[in-house]
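# Survey of secondary and tertiary structure
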Amino acid sequence: MKFGIIVFPGSNCDRDMMHALRDDLKQEVVMLWHKDRDLSMFTKDDCIVLPGGFSYGDYLRCGALARFSPMMEQVIEFANNGGKVLGVCNGFQILCEAGLLPGVLLQNDHQKFTCKNVYIKGESTENLIGGHVGNKALRIPVAHGEGRYHADAETLKKLQDNKQIVFRYCDEHGEVHINSNPNGAINNIAGICNEGRNVFGMMPHPERATSDVLNNIDGRAILEALTHMN
Amino acid sequence: MIATLEQATKLGLREEEFEKIKEILGRTPNFTETAMYSVMWSEHCSYKNSITWLKTLPRDGDKLLVKAGEENAGLVDIGDGWGCVFKIESHNHPSAIEPFQGAATGVGGIHRDIFTMGARPIASLNSLRFGKVDNPKTKWLIKGVVKGIGHYGNCFGVPTVAGEVYYESCYQTNPLVNAMSVGVVRVGETVSATSYGEGNPVFIVGASTGKDGIGGASFASADISENSAEQLPSVQVGDPFEEKKLLEACLEMIPTGALIGMQDMGAAGITCSTSEMSAKGEHGMIIHLDKVPTRQANMKPWEMLLSESQERMLIVVKKGRESEVQTIFDKWDIHCVQIGEVTKDLNLKYYMNGELIADVPAESLVLGGGAPIYERQFTTPAYLAEINKFDINNVAQPADLKEIAYQLIQLPNIASKRWIYEQYDSMVGTGNTQTNEPSDAAIVRVHGTEKVLAMTTDCNSRYVYANPRKGAMIAVSEAARNIVCSGGLPVAITNCLNFGNPYNPEVYYQFVEAIQGMGEACRKFDTPVTGGNVSFYNQSEDGPVYPTPTIGMVGVLENINQKMSLGFKHPGDTIYMLGTNYNDINCSEYLHHIIGESHSPAPHFELEEEYVLQQTVANLISMKLVKSAHDISEGGLFACMLESAMANGLGFNMTTDANLRKDAMLFGEAQSRVVVSVNTDLCALFEAELKGLPFTKLGIVNAHKEICVDGQSWGYISDWKEAYDTALEKLLA
């Protein structure tokens, strides 16, 4: 099993993800350039990661340009064949723009970039990540200006009914309420998956919480989950 | 078209400087050449009014791999084959006019200084000064500056790990925005800002050249006024995405070995980079300006030469290896265009469509070459007499200490900076260890080595105003103290010297005294000056700002286990204060902002006393005898204790000294004091290791999360924390 991390121009959490997976989780990692179009070395057991950052400067809309990059065509095909894909922060935005995940990420309700520790908890055990992390509150950092998840009522109902909501923002005791929501995301949604349960997107950064040096390893379980078979 | 004296003075040159240019060239310069000299000989580029004194600062040391001023930034050895490159720079005047872009490009510019040397920036710091926080213009400035710093740093992907911000009315019209970048590089893989080898091609890489920022260096070298808004085109516009690509491309290019030299384009753009690189490499250049990619048509040659468009670099490549370099810039979709070549002739010759439009010796433009050097007059400022009149006995002791304490910790200079720092990505790079365990200096790990860096920016300018020499010593000492209290060994400093108009003898007195104090303290702590920036003319109709010589200091820890944090750890631990308490409220936040006394001497400070304190604290930390360490600074002992308590939500019991004024003990800012907590079983061993250093046993850490002073409850930590955390956002709302 190995991870592939896609580097877009403007990605800036690609190296953090590499350090987390390679140094802290002892996983094999391959860095992939967005202009390449070859994912043939990856199988269904592997996982492609779209890291955080400001791909293409986020100049049109977050993630809007990255989805047209040659590598994204391959990622879409890889995902449609059941391969595991994780998008974090800007990666989540790209997955939504590419249609691999439903909904959009809007500007934070307070209209400011926000970087701090927040708590999230797994919503359902019926997906790879949720099944692995359980429902205890995890302390994971966020860092975004446009992280307010939004979807129309019909999509939300579908997400709910299909148990596609992976994480919700909560407080340190695991209580989900308005004060534990850092950006105004609808229903405190912090992360979701697709119907096939092989494509995951989340705003918080698990790769920033995998090291003893940083005094927070709550993110390990989230990334570890992806080493398991779907 | 030859230039007239009138044009020259309009460009900011003095009459004798214009004469000197004529002498150098043996003819009267044309307008383009005059414009080039005007920016290169501005204070910003030439240090003409400061270099004499800057040279008195200690600039040598075992750990310095590059001497001050030799490259774009300082380079120190941190061991294990790694070097640390760091520098601080001001962007005050642009930020005063256009706070968002001014601050953003300040951040972008300082990062370029770091990666132009081949280092990868891993941390940003800043030092900000604004006017009174309740002023609407101040609010506009703060919001713009913070958004600008965040916008650039967050997108560029370097965490903002530490900083300082003060609000004083002297900064009302002229705020200060100082940005610092810290990078790491393998020793031996650095790049020099040089140019040599006849026939080697010269490339411009990065963004295209526009009319933004023309004459920015001259703009920074004049007083600021209400009319400054007319100078708006002097403010540059930043594109962090372009800079991120430029960073990655440059770092990818360096290992190819195809480079001779590289320099970023900051102040004075093409003029500065071509002249400084050529002068250093003792060669000349032919430059074809018509080949420079431009943003708008019909730019005049002088506009291209002076443009301060951001995200550009000048690189000199070994002849025959152009395609290797081109391939890398193509990969990153970045302009990389040959605009000229290196010549044996020492002149810089600029052509436009085949016509020679400027022809000047490279050496004559630069600091250390032909740029003028002045010695300015100075006199003791009149206001110092008023400062010396202060007598503590005229200040009545407050009846309700708790109420004073509660007001004090909500003052904008003391309260939490959360509203600001949460807008910065402080964690990208997964190196900043402050998030989950804060300490006095930011402690940042370096991926690929066990070594850990400590870094801080410090300057209490009120102290410097009250006593420029002592105040500057305190700034260096506090920076070193912050690093020592975090478990680090101070290594070197960079400075950002923000002062008023140097032609004002009282301002120049502040400058000279501050430099001397800084030099003395740097020699004591063995922290040489690796470089920095001088920013004069920080004054408006209201007069000069407080003299603000901001210190950026870097230290090293052998590994993360040496880190010491500031938060109390366990209930029952004994709390000590190391150092001596004095009946001293001089220059304190308490005296200045609660009592309302604007003039008082600098607080107690003796360099030797400070040195002994730091040596002792370093020893106690290395012996693992303390569980927390936090230095006493603004707000005094009480604010220090509260911060240690809030970090982990613990309370404390303390008793005051009956022999001291209680306001002095709790809120005084006498220097050279540190609060530590100690496992009670180890107290005897701890006290023995103090080896005679004065100390006070203050009390204990308690589990019931309450503050108790002299047996009286002052309430719960959570309530104090709420007040402390939200004070600034309430003021800014």
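Just so you know, these numbers come straight off a predicted model, no measurement behind them. (Residues numbered from 1 in each chain as written. Chains lettered and ligands numbered in written order. Predicted model: local features only at pLDDT ≥ 70, side-chain atom pairs only at ≥ 80, totals over all residues. Heavy atoms only, no water.)

Scanning chain A for helices and strands turns up six helices and eleven strands. Radius of gyration (C-alpha) of chain A: 16 Å, near the 17 Å computed for a compact globule of 230 residues. With 230 residues in all, chain A has 60% of them scored as buried. Counting contacts in chain A only where the partners sit at least 6 residues apart, residues at least 24 apart contribute 76% of the total. Approximately 8,800 Å² of chain A is accessible, and the part contributed by carbon and sulfur atoms is 46%. A distance of 1 Å separates the average location of the 23 positive side-chain charges in chain A from that of its 28 negative side-chain charges. (Helix = DSSP H or I, 4+ residues; strand = E, 2+ residues; numbered from the N terminus. Rg over C-alpha atoms; globule rule 2.2 N^0.38 Å. Buried < 20%, exposed > 50% of the residue type's maximum accessible area, 1.4 Å probe, protein only. Contact = heavy atoms within 4.5 Å. Areas by Shrake-Rupley, 256 points an atom, 1.4 Å probe, with all protein chains shown as cover. Lys, Arg positive; Asp, Glu negative; His and termini not counted. Charge placed at Lys NZ, Arg CZ, Asp CG, Glu CD.)

So, about the pattern of salt bridges. Residues and elements named next belong to chain B. Under the counting rule described, the total for this entry stands at 40 salt bridges over all chains. Ionic pairing is found between Arg-462 and Glu-589, a salt bridge with its closest N-O pair at 2.7 Å. Pair noted here: Arg-462 is in helix H18 (residues 461-466) and Glu-589 is in helix H21 (residues 589-595), with a separation of 127 residues, a long-range link. The exposure class assigned to Glu-589 is buried, which follows from its relative accessible area of 1%. Connected through shared salt-bridge partners, Arg-418, Lys-721, Asp-725 and Glu-729 make up one network. (Salt bridge = Lys/Arg side-chain N within 4 Å of Asp/Glu carboxyl O.)

Residues and elements named next belong to chain A. Together, Leu-60, Leu-65 and Phe-68 make up a nonpolar patch on the protein surface, roughly 320 Å² of accessible area in all. Among the structural elements, Leu-65 can be located in the loop between strand S3 (47-50) and helix H2 (70-80). Relative accessible area serves as the criterion here: at 34%, Leu-65 is assigned to the partly exposed category. (Patch = residues over 30% accessible without salt bridge, like charges linked within 9 Å, V, L, I, M, F, W, Y side chains within 5 Å.)

The next thing to look at is the UniProt feature "binding site: substrate" (unreviewed entry) in chain B. Residue and element names in this part refer to chain B. When the UniProt feature table is mapped to this numbering, "binding site: substrate" (unreviewed entry) covers Ser-90, His-91, Asn-92, His-93, Arg-112, Gln-236, Glu-308, Ser-309, Gln-310 and Ser-535. Along the chain, the position of His-91 falls in the loop between strand S3 (82-90) and helix H6 (92-97). Residue contacts for His-91: discarding those within four places in its chain leaves Gly-102, Thr-105, Gly-106, Val-177 and Gln-236. Along the polypeptide, Ser-309 turns up in the loop between helix H12 (301-306) and strand S10 (312-317). (UniProt positions renumbered as here; feature names shortened; annotations may be inferred.)

Attention now moves to the nonpolar core. Here is a general trend for soluble globular proteins: nonpolar side chains tend to be buried in one another's company. One finds A:Ile48, A:Leu50, A:Val75, A:Ile120 and A:Phe167 to be the most contacted residues of the largest nonpolar core, which totals 74 residues. Broken down by element, the residue count for this core peaks at five residues, all from H2(A). Ignoring any residue separated from it by four or fewer positions in sequence, one finds A:Phe167 in contact with A:Ile120, A:Lys121, A:Gly122, A:Ile129, A:Val133, A:Leu138, A:Asn188, A:Ile189, A:Ala190, A:Gly191, A:Met202 and A:Ile222. The next biggest cluster of nonpolar side chains, apart from the first, holds 55 residues, and it includes B:Val464, B:Phe525, B:Tyr537 and B:Phe605. (Core = buried A, V, L, I, M, F, W, Y, C linked by side-chain atoms within 4.5 Å.)

This next bit is on the pairing of strand S4 (residues 84-88) of chain A. All names here are of chain A. Judged by how many residues are buried, S4 sits mostly within the fold: five of five residues are covered. Of the two faces of S4, both are covered, the one formed by Lys-84, Leu-86 and Val-88 as well as the one formed by Val-85 and Gly-87. Sheet topology places S3 next to S4; four bridges connect them, and they run parallel. From the neighbouring strand, Leu-50 faces S4, where its bridge partner is Gly-87. Considered for its hand, the β-α-β crossover made up of S3, H2 and S4 is right-handed. As judged from the four bridges shared by S4 and strand S11 (residues 199-202), these two strands associate in the parallel manner. In the strand pairing of S11, Gly-87 is matched with Gly-201. (Pairing = 2+ DSSP bridges. Right-handed = clockwise from strand over helix to strand, strands pointing away.)

Residue and element names in this part refer to chain A. In this structure's numbering, the residues bearing the UniProt feature "active site" (unreviewed entry) are Cys-89, His-205 and Glu-207. Taken together, the annotated residues stretch across 119 residues yet fold into one region, lying no more than 11.1 Å apart by C-alpha. As for its position among the elements, Cys-89 is in the loop between S4 and helix H3 (90-97). Those residues in contact with Cys-89 that sit more than four places away from it in its chain are Gly-52, Ala-143, His-144, Met-202, Met-203 and His-205.

The next thing to look at is the state of the cysteines. Overall, the coordinates contain zero disulfides over all chains when judged by the stated rule. Counting only cysteine sulfurs, B:Cys459 is the nearest neighbor of B:Cys522, a cysteine outside any disulfide, at a range of 12 Å. (Disulfide = S-S within 2.5 Å.)

Before going further, it helps to examine the interface of chain B and chain A. Across the boundary between the two partners, chain B contributes 34 residues, which contact 31 residues of chain A. Across the chain B/chain A interface, buried area totals approximately 2,700 Å², and carbon plus sulfur atoms make up 58% of it. At the junction of chain B with chain A, the criterion picks out two salt bridges. For B:Asp333, the salt bridge identified is with A:Lys35, shortest N-O distance 3.2 Å. Run the count over chain B and chain A and you get 13 residue pairs in polar contact (both at pLDDT 80 or more). For the side of chain B that touches chain A, the secondary-structure elements that each account for two or more residues are helix H8 (136-156), helix H10 (240-253) and helix H13 (322-331) of chain B. Residues that form the side of chain B that touches chain A fall into these classes: ten nonpolar, twelve polar and twelve charged. (Buried area = accessible area lost by both parts, 1.4 Å probe. Polar contact = N/O pair within 3.5 Å; in protein donor to acceptor, adjacent residues only side chain to side chain. Nonpolar A, V, L, I, M, F, W, Y, C, P; charged D, E, K, R; others polar.)

Attention now moves to the sheet that holds strand S12 (residues 347-352) of chain B. The strands making up a sheet are joined through hydrogen bonds of the backbone, oriented either antiparallel or parallel. Residues and elements named next belong to chain B. Spatial strand order, S8-S10-S7-S11-S9-S12-S13: seven strands in an open sheet with mixed pairing. Every other strand in the sheet has two partners, leaving strand S8 (259-264) and strand S13 (355-361) as the edge strands with one partner each. Each neighbouring strand pair of the sheet contributes to a mean axis angle of 25 degrees, computed without reference to strand direction. Judged from the six bridges that link them, S12 and S13 form a sheet pairing that is antiparallel. Following the sheet pairing, Asn-347 is matched in S13 by Pro-361. Its contacts with the sheet place H10 against strand S7 (201-206), S8 and S10, and it is angled at close to 20 degrees to S10. Packing of helix H11 (residues 269-281) onto the sheet brings it into contact with S7, S8, strand S9 (284-288), S10 and S12, and relative to S8 it is tilted by some 140 degrees. (Axes fitted to C-alpha atoms, helices over the stretch in contact; angles between N-to-C directions.)

Moving on to the side chain of B:Ser628. Residue and element names in this part refer to chain B. Inspection of the secondary structure puts Ser-628 in strand S22 (residues 628-631). Classification of Ser-628 by relative accessible area gives buried; the value is 0%. Side-chain polar atoms of Ser-628 contact the side chain of Ser-677, separated by 2.6 Å. Those residues in contact with Ser-628 that sit more than four places away from it in its chain are Met-564, Ser-565, Leu-566, Gly-567, Phe-568, Lys-569, Val-675, Val-676 and Ser-677.

Even without glycine at this site, A:Arg197 takes up a positive phi of about 60 degrees. Mapped onto the fold, A:Arg197 is located in the loop between strand S10 (189-193) and S11. Backbone geometry at B:Lys705 places phi at a positive 60 degrees, although glycine is not the residue there. Tracing the backbone shows B:Lys705 in the loop between strand S25 (695-702) and strand S26 (706-709). The partly exposed category is assigned to B:Lys705, whose relative accessible area is 46%.

Attention now moves to the UniProt feature "binding site: ATP" (unreviewed entry) in chain B. Residue and element names in this part refer to chain B. Per the UniProt record, the feature "binding site: ATP" (unreviewed entry) sits at Tyr-47, Lys-87, Asn-495 and Gly-532. Inspection of the secondary structure assignment puts Lys-87 in strand S3. In contact with Lys-87, other than residues within four places in its own chain, are Asn-72, Ala-73, Ile-110, Asp-113, Ile-114, Ala-179, Met-180, Ser-181, Thr-494 and Gly-532. Mapped onto the elements of the fold, Gly-532 is located in strand S17 (residues 529-535). By relative accessible area, which is 15% here, Gly-532 ends up buried. The contact partners of Gly-532, leaving out residues within four places of it in the chain, are Tyr-47, Lys-87, Ile-88, Thr-494 and Asn-495.

The next thing to look at is empty space enclosed by the protein. Residues and elements named next belong to chain B. In total, this model carries two cavities of 30 Å³ or more according to the counting rule given. Roughly 70 Å³ of volume is contained in the largest cavity. A per-class count over the lining of the largest cavity returns three nonpolar, five polar and one charged. In this structure, the second largest cavity spans a volume of roughly 30 Å³. Lining the second largest cavity, in full, are Val-107, Ile-110, Ser-124, Leu-125, Asn-126, Ile-149, Ala-179 and Met-180. Every element with two or more residues in the lining of the second largest cavity is listed here: helix H7 (99-115), strand S4 (120-130) and strand S6 (176-186). Here the residues of the lining of the second largest cavity are counted per class, giving six nonpolar, two polar and no charged. (1 Å grid on protein atoms, 1.4 Å probe; cavity = no way out; pocket = protein on both sides within 12 Å on 5 of 7 lines; lining within 4 Å. Points joined across faces, edges and corners; volume = space filled by probe spheres on them.)

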